[in-house]
Amino acid sequence: MRDVDLAASWAVTVAGIDRAADQFWCTLADRMPTLLPERDAPLFLAALGQFATCDDDRAGRAALLTVLGRAWRDCHLGPHHRALVGDALVATVARHARPQWTAVLAAAWEHAARRTLTAVRHAAVRVGDGPAWWPVEVLDHDRPAEGVAILTVRPWRRLPFRPGQAVPVSVPGLPGRWRWYSPANAPRPDGTIELHVRAAGTVSRSLVDRVRPGEQLWLGPPRGAGLTLAPDSTADLLLVAGGTGLAPLRALVEQIAAEQATRAGRRVTLVVGVRAFADLYDPISLDKLQTAHDWLTVVPAFSHDEHAEPDERGDALTVALRHHRQGQEVYACGPPAMVAGTRLRLLAAGVPATRIHLPDDCDC
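Residues numbered from 1 in each chain as written. Predicted model: local features only at pLDDT ≥ 70, side-chain atom pairs only at ≥ 80, totals over all residues. Heavy atoms only, no water.

Asker: So, the side chain of His357: which residues are in play, and what are the values?
Answerer: With respect to the secondary-structure elements, His357 resides in strand S11 (residues 356-357). With relative accessibility at 18%, the residue His357 sits in the buried group. Separated by 2.6 Å, the side chains of His357 and Glu329 make a polar contact. If near-sequence neighbours (up to four positions away) are discounted, His357 is found in contact with Gly226, Leu227, Glu329, Val330, Tyr331 and Ala332. (Helix = DSSP H or I, 4+ residues; strand = E, 2+ residues; numbered from the N terminus. Buried < 20%, exposed > 50% of the residue type's maximum accessible area, 1.4 Å probe, protein only. Polar contact = N/O pair within 3.5 Å; in protein donor to acceptor, adjacent residues only side chain to side chain. Contact = heavy atoms within 4.5 Å.)

Next comes the structure, spelled out in structure tokens:
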């Protein structure tokens, strides 16, 4: 079944997602009327079909499983619903891909549906309770640097998250595609969330180039991304950010600022790595944080700027190691190429493995 290409038949189906979702929901409702809320059918169907056809996208599959597992749990679905949902998925694709529908393609989709729903049921055990997605309104969309956007969004109901976690994000024009982003702020009284996005990948390019204030997005359930603070730790921190990997680390700074307002705390060094001065996309916020807190030191690192000060030249990790002190917990987040070699370099520099914190499969 792996040799059969499901992508073409799914592309035809998802191109008319609203009509397909109506058919999917009606098929389910005919058998069990209260199984799935009608309003959730488009997101649920799009995520199911996307998961069935995206074998090579590890981070995307993790995001989809988080969303689908929570939806499965939230709708109180069980093992006995797998065949019903799978049949509805296959029947919906068959209606839309009728000219190319064959017995071989039907068998491939039936296999993909079984595999997908088995994975979703297993994910439902791990994801916990709560909504599967939060509609959010885009309040502000700023382009502070080439290829980078800062979006401020407000959920229709408060999204519970911890600084350093990541949330799946989906945009209306790309049904079924969810990508991980880490909020750049600690939870705020007004519930707003700031997302830092670099235009790399389909969803990210849409968020940077097409999304505008007033539009709606969806956020999925937050999950740990390897960057949350241990609640019982008071160690000093060395934070190493590359590009928009700054987002979760800035959220950690905001969390520490809130905690240290009521108790003695730790010192924090935040190294922000970019190619050149013009690439520093969030300097005003960083300057405000450093001015307000004497325990925070912000250090820029310029990898390709000949006019930078000598102690600011180099990639983010090289500059960060100049500021490393024994006993610090080290958190690093940035592009995959940066993160890939970070652990080995830190270990070689004498940083204990237990004090190294890097992102997992979620995107920063």
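Asker: Break down the pairing of strand S10 (residues 329-333) for me, with residues and values.
Answerer: Buried residues dominate S10, accounting for 5 of its 5 residues. With burial as the criterion, each face of S10 is covered, one bearing Glu329, Tyr331 and Cys333 and the other bearing Val330 and Ala332. Alignment of strand S7 (residues 237-242) against S10, held across 5 bridges, turns out to be parallel. Bridge pairing in S10 places Ala241 opposite Cys333. For S10 and S11, the ladder comprises 2 bridges, and the chain directions are parallel. Residue pairing for S11: Val330 is matched across the bridge by Ile356. A crossover links S10 with its parallel partner S11, the connecting element being helix H11 (residues 336-348), and its sense is right-handed. (Pairing = 2+ DSSP bridges. Right-handed = clockwise from strand over helix to strand, strands pointing away.)

Asker: Could you give an account of the packing of aromatic side chains, with specific residues and numbers?
Answerer: What describes a pair of aromatic rings is the distance from one ring centre to the other and the angle between the planes of the rings. In the structure shown here, the tally under the stated rule is 3 aromatic pairs. Centre to centre, the rings of Trp10 and Trp109 are 6.3 Å apart; their planes meet at 50°, and the pair counts as tilted. Taken together, the residues Trp10 in helix H1 (residues 7-15) and Trp109 in helix H6 (residues 103-126) connect sequence positions 99 residues apart. Across the ring face of Phe51, the terminal group of Arg61 is positioned such that the distance to the ring centre comes to 4.0 Å. (Phe/Tyr/Trp six-rings, centres within 6.5 Å; stacked < 30°, edge-to-face > 60°. Lys NZ or Arg CZ within 6 Å of the ring centre and 35° of its normal.)

Asker: Give me the lowdown on unusual backbone geometry, citing residues and values where you can.
Answerer: For His76, which is not glycine, the phi dihedral falls at a positive 60°. Relative to the elements of secondary structure, His76 occurs in the loop between helix H4 (58-74) and helix H5 (82-96). For His76, a relative accessible area of 69% puts it in the exposed group.

Asker: Any chance you could break down the sheet that holds strand S1 (residues 134-145) for me, citing the residues and the numbers?
Answerer: The sheet built from 6 strands is open, its strands ordered S4-S3-S6-S1-S2-S5 with antiparallel pairing. Where the open sheet ends on each side, the last strands, each with one partner, are strand S4 (179-181) and strand S5 (193-198). Across this sheet, the average inter-strand angle for adjacent strands is 40°, counted without regard to direction. Note: S1 against strand S6 (residues 216-219), 4 bridges, orientation antiparallel. Looking at S6, one finds that Trp134 is bridged to Leu219. The sheet contacts of H4 involve S1, strand S3 (167-170) and S4, and relative to S4 the element is tilted by about 90°. (Axes fitted to C-alpha atoms, helices over the stretch in contact; angles between N-to-C directions.)

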